[in-house]
Amino acid sequence: MDELENALRQLELTNDNGLQGPQQAGSMETSTCVSCMLGALSENGIETGRIVLSRGVLPKLCPLLGTGCKDVAEVAKLVAELAKNEFLRLPCVEAGLVQPLVELLSCDEPAAVKQACRALGNICFDNDPARDAVKSLGGLEKLFAILQSLTSSQPQPDHSSMCAVGCGFLLNLTNTHESLQSEALSLGAVKVLAEILRQNMEDPSVCQMVLLCVGSMAESDAGKESLRGASFAPHVVKLMNTEVGSDLMETILELLATLAEHDEIKLQIVQAGAASSLLRLTCESEGANEGDGSSLSKASADLIVQLLTGDESMKLLYASGDGPVLKEVMSAWLPSDREHLQVAGVLAVGNFARNEENCVQLVAMGIVEPLLTLLHKHDGKVGAMNIQHGVLSALRNLAIPVANKAVLLKAGVLEDLLSCLDVDISPVQFKLLGTLRMLVDGQESTALQVGKDASVVRRLVELGGVVEHAGVMGEASRLLAAIIKHSRSEEVVSSVVNQGGVARLVAMATSEHPVMQNEALIALIISVTVSPESTVGSLESAEVTKAIHRLLADQNCDPHVQCNVMTLVSSLLQSDVLYAEFASRGVLDQVKLLCSHENQLLSQNARMVQEKIQLHGT
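Description of the structure in this document. (Residues numbered from 1 in each chain as written. Predicted model: local features only at pLDDT ≥ 70, side-chain atom pairs only at ≥ 80, totals over all residues. Heavy atoms only, no water.)

1. What to know about the overall build of the protein chain
- For the protein chain, the count of helices and strands is 41 helices and zero strands.
- Against the compact-globule benchmark of 25 Å for 618 residues, the protein chain has a radius of gyration of 36 Å, which places it well outside the compact range.
- By principal-axis analysis of the C-alpha atoms, the protein chain measures approximately 115 × 55 × 45 Å.
- Buried residues in the protein chain amount to 54% of all 618 residues.
- Sequence separation of at least 24 residues holds for 72% of the intrachain contacts in the protein chain that already meet a minimum separation of 6.
- Summed over its atoms, the accessible surface of the protein chain is roughly 26,900 Å², and 50% of this surface lies on carbon and sulfur atoms.
- Each charge sign in the protein chain was given a centre, from 45 positive and 75 negative side chains, and these centres are 3 Å apart. (Helix = DSSP H or I, 4+ residues; strand = E, 2+ residues; numbered from the N terminus. Rg over C-alpha atoms; globule rule 2.2 N^0.38 Å. Buried < 20%, exposed > 50% of the residue type's maximum accessible area, 1.4 Å probe, protein only. Contact = heavy atoms within 4.5 Å. Areas by Shrake-Rupley, 256 points an atom, 1.4 Å probe, with all protein chains shown as cover. Lys, Arg positive; Asp, Glu negative; His and termini not counted. Charge placed at Lys NZ, Arg CZ, Asp CG, Glu CD.)

Printed below as a string of structure tokens:
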């Protein structure tokens with residue numbers, strides 16, 4: 001510390017004596033001071049930084065940054081080392097160091113330019129005042145001139161290091177700063193960074209810095225669009241296909257995941273051949289327990305799943321059922337003991353199963369059995385929500401095509417799903433109920449099987465009252481409506497009525513979704529038709545009149561929904577209790593008004609009901 005104290009005193013004396021010109025500033029005394037301060041910083045950067053700040057040294061460095069000073073590179077290096085301390089970054093701006101450092105960016109001395117970039121990059125880290133100062137002084141344009149020269153000139157001995165430093169400066173200058181990022185993009189940042197990456201594929205430090213810089217720009221929609229237009233992703237895939245270390249590979253995967261949020265870039269990534277490298281990564285690190293290998297395997301598998309969410313990229317990877325990803329999913333991921341591969345596997349199947357042709361082919365290929373195996377394997381297991389949810393999502397998609405329903409039912413999917421009804425995890429419940437509804441759709445025997453099981457119906461009625469999760473409540477009620485619609489069975493209706501399901505259907509009829517409104521109304525109409533006595537009594541206690549009044553009074557209600565309301569009203573006119581309620585609550589008046597509705601179908605239905613009302617009155 002004595003040497004540091006002497007260096008600081010000498011620096012103060014030099015400035016106090018008015019020796020501020022570049023010739024005097026380049027004296028041996030100044031060089032010794034700077035070297036001493038650099039040595040102290042290397043030993044204890046924080047303590048030295050505090051001393052420098054308290055002694056007011058920062059402003060005294062400004063005259064030492066003149067382009068004519070022979071020690072200017074070392075002085076800039078000193079500022080760079082000081083600015084590694086967060087508490088010194090804003091004081092560097094306030095001391096006026098930004099301007100001479102920006103001016104150094106245009107000097108002819110490569111070492112000074114490099115250290116100026118380091119210093120400004122460190123000062124700008126999470127420091128908007130510094131960034132604004134650099135911007136106002138034209139520092140971004142000067143930085144781009146440097147970066148462009150690096151791509152066009154013959155590589156110098158320090159070329160790679162300068163590329164890394166320049167990109168690091170660009171990252172710290174523009175990161176999270178919207179206007180600077182926008183200006184950088186307009187200056188051609190993507191093109192320049194792509195060329196630097198192309199020229200330095202074998203230098204991990206340069207590649208890392210380029211990717212971090214691009215990743216920052218890719219956070220914005222404008223950045224993603226620029227990267228899409230410049231087809232940057234294939235450069236990253238090319239780098240991924242080379243031998244790189246785990247740290248750089250992690251950065252590559254993170255960047256590709258960010259870029260893949262754009263559907264067109266998903267396709268670019270797939271077209272560049274990313275799948276083979278990603279599959280290799282999941283296989284190579286499969287034996288890893290924790291750490292780099294495990295994280296790379298998971299990130300690779302997750303990225304493949306993300307790529308499958310795009311329609312065109314999914315189609316390319318599916319390759320009519322012959323793609324390597326699907327083969328790997330079926331042969332390695334689903335049977336794997338590693339949970340992240342199981343989760344990725346079921347999600348991949350769900351993404352492949354997004355059109356009827358794929359669904360039919362996947363079922364024919366035997367995808368159902370491994371899915372059910374996973375479902376059983378994790379039944380009741382703590383922390384198995386992701387796998388259960390993924391399996392059910394895939395099965396739901398697979399159950400949509402009519403051609404698949406019989407195959408799935410024969411495979412025992414219905415029984416397996418019904419056995420899971422007691423699960424108490426809301427997202428899993430939601431998918432489970434939706435999958436059951438797809439199996440029931442158009443299948444009379446299935447609807448009968450579900451509807452005649454009193455314990456199942458009781459559970460559906462219970463889930464239909466889970467107000468904490470609107471999705472579960474809605475799907476349970478929709479499944480109740482579906483078993484009535486597709487069975488049209490008095491026994492099923494009686495089962496639903498006896499378990500209190502009518503109230504759920506009445507509540508569903510006032511949902512905000514027209515599809516659900518219609519499903520509920522149709523189920524109620526069928527129930528009144530096939531089992532009038534038990535249904536009407538339940539409707540009276542379920543306040544059906546209130547629901548009907550609300551639907552008919554809603555001017556924004558879908559006319560097709562109101563037509564179904566008319567049919568329900570017509571079927572209930574024989575109930576003296578409900579007729580009296582219709583009269584007292586204004587339902588009969590609403591029917592009369594709707595006789596002149598502009599929608600021809602609705603007005604026609606209203607007139608038919610009005611005629612019945614008049615007959616009832618006589």
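2. Focus on the packing of aromatic side chains
- Evaluation of the coordinates by the stated rule reveals one aromatic pair.
- When the ring of Y318 is compared with that of F352, the centres are 5.3 Å apart and the planes differ by 50°; the resulting orientation is tilted. Linking Y318 in helix α21 (residues 311–318) with F352 in helix α23 (residues 339–352), this pair joins segments that are 34 residues apart in sequence.
- Residue Y318 is classed as buried on the basis of its relative accessible area, which comes to 2%.
- With relative accessibility at 0%, the residue F352 sits in the buried group. (Phe/Tyr/Trp six-rings, centres within 6.5 Å; stacked < 30°, edge-to-face > 60°.)

3. Remarks on the nonpolar core
- Of all hydrophobic cores here, the largest spans 225 residues; its most connected members are L101 and F232.
- With nine residues, the top contributor of residues to this core is helix α11 (residues 159–174).
- In this structure F232 touches V190, L193, A194, L197, V210, V214, L227 and L255, once residues within four positions along its chain are discounted. (Core = buried A, V, L, I, M, F, W, Y, C linked by side-chain atoms within 4.5 Å.)

4. Overview of the environment of L374
- Within the secondary structure, L374 sits in helix α25 (residues 368–377).
- Its relative accessible area of 2% is what places L374 among the buried residues.
- As for L374 and V343, which are separated by 31 residues in sequence, their C-alpha atoms are 9.7 Å apart.
- Those residues in contact with L374 that sit more than four places away from it in its chain are L334, Q342, V346, I387 and V391.

5. Structural notes on helix α15 (residues 221–229)
- Those residues of α15 lying buried are G223, K224 and L227. An end-on view of α15 places all buried positions within 100° of arc, on one side of the element. Summarising the geometry of α15, the exposed residues directed more than 90 degrees from the buried face are D221 and G229.
- Those residues of α15 hidden inside the fold are in contact with α12 (178–186), α13 (189–199), α14 (204–217), α17 (246–259) and α18 (263–271).
- Where α15 ends, the next residue or the one after it, S231, has phi of about 50°, a positive value. (Arc of directions from axis to C-beta.)

6. Looking at the side chain of R118
- Looking at the secondary structure, you find R118 in helix α8 (residues 110–124).
- On the accessibility criterion, R118 (19% relative accessible area) is buried.
- A distance of 2.8 Å separates the side chain of R118 from the side chain of Q115, its partner in a polar contact.
- When residues no more than four places from it in sequence are discounted, the contact partners of R118 are K77, A80, E81, K84 and V165. (Polar contact = N/O pair within 3.5 Å; in protein donor to acceptor, adjacent residues only side chain to side chain.)

7. With respect to the packing of helix α10 (residues 139–152) against α13
- Here α10 crosses α13 at 40°, and the two axes come no closer than 9 Å. For the pair α10 and α13, the sense of crossing is left-handed. Judged by residue contacts, F144, L147, Q148, L150 and T151 of α10 engage A189, V192, E195, I196 and Q199 from α13.
- For the contact of α10 with α13, a count of residues per class yields six nonpolar, three polar and one charged. (Axes fitted to C-alpha atoms, helices over the stretch in contact; angles between N-to-C directions. Left-handed = near helix turned anticlockwise from the far one by under 90°. Nonpolar A, V, L, I, M, F, W, Y, C, P; charged D, E, K, R; others polar.)

8. Some remarks on the environment of T151
- Topologically, T151 is positioned in helix α10.
- Spatially, the C-alpha atoms of T151 and T529 are 79 Å apart, while their sequence positions differ by 378 residues.
- Each residue touching T151, except ones within four places of it in the same chain, is listed here: V192, E195, I196 and Q199.
- A polar atom in the side chain of T151 sits 2.7 Å from the backbone oxygen of Q148.

9. Side note on unusual backbone geometry
- Phi at D126 takes a positive value of approximately 50°, unusual for a residue other than glycine.
- Within the secondary structure, D126 sits in the loop between α8 and α9 (128–136).
- Phi angles above zero are rare outside glycine, and T176 is one such case at about 65°.
- Secondary-structure assignment places T176 in the loop between α11 and α12.
- Judged by its relative accessible area of 64%, T176 is exposed.

10. A look at the packing of helix α32 (residues 470–487) against helix α35 (residues 514–530)
- Two numbers describe how α32 lies on α35: the axes approach to 9 Å, and their chain directions differ by 40°. It follows that α32 is oblique to α35 by the angle criterion. Handedness of the crossing formed by α32 with α35: left-handed. Touching G474, R478, A481, I484 and K485 of α32 are V515, M516, E519, A523, I526 and S527, all from α35. (Parallel < 35°, antiparallel > 145°, perpendicular 65-115°, else oblique.)

11. Some words on the pattern of salt bridges
- Enumeration according to the criterion identifies 17 salt bridges in this entry.
- Salt-bridge contacts for E81 lead to R118; the nearest nitrogen and oxygen are separated by 2.6 Å. With E81 in helix α5 (residues 72–82) and R118 in helix α8, this residue pair connects regions lying 37 residues apart in the sequence.
- Residues E475 and R437 are paired through a salt bridge, measuring 3.0 Å at the closest nitrogen-oxygen approach. In this pair, E475 is assigned in helix α32 and R437 in helix α29 (residues 426–440), connecting sequence segments 38 residues apart.
- Given a relative accessible area of 9%, R437 falls into the buried group.
- Three or more residues are tied together by salt bridges with common partners; here these are E81, K84 and R118. (Salt bridge = Lys/Arg side-chain N within 4 Å of Asp/Glu carboxyl O.)

12. A word on α21
- Along α21, the residues that are buried comprise S313, M314, L317 and Y318. Across the axial projection of α21, the buried residues extend over an arc of 130°, all falling on one side. Turned more than 90 degrees off the buried face of α21, the exposed positions are D311, E312 and K315.
- Taken from the residues just after α21, A319 is the one with a positive phi, measuring 50°.

13. Remarks on the state of the cysteines
- What the rule picks out here adds up to zero disulfides.
- Not part of a disulfide, C33 finds its nearest cysteine sulfur in C36, a span of 7.5 Å.
- On the accessibility criterion, C33 (4% relative accessible area) is buried.
- Left unpaired, C124 is separated from the closest cysteine sulfur, that of C92, by 10 Å.
- On the basis of relative accessible area, C124 is assigned to the buried category, the value being 1%. (Disulfide = S-S within 2.5 Å.)

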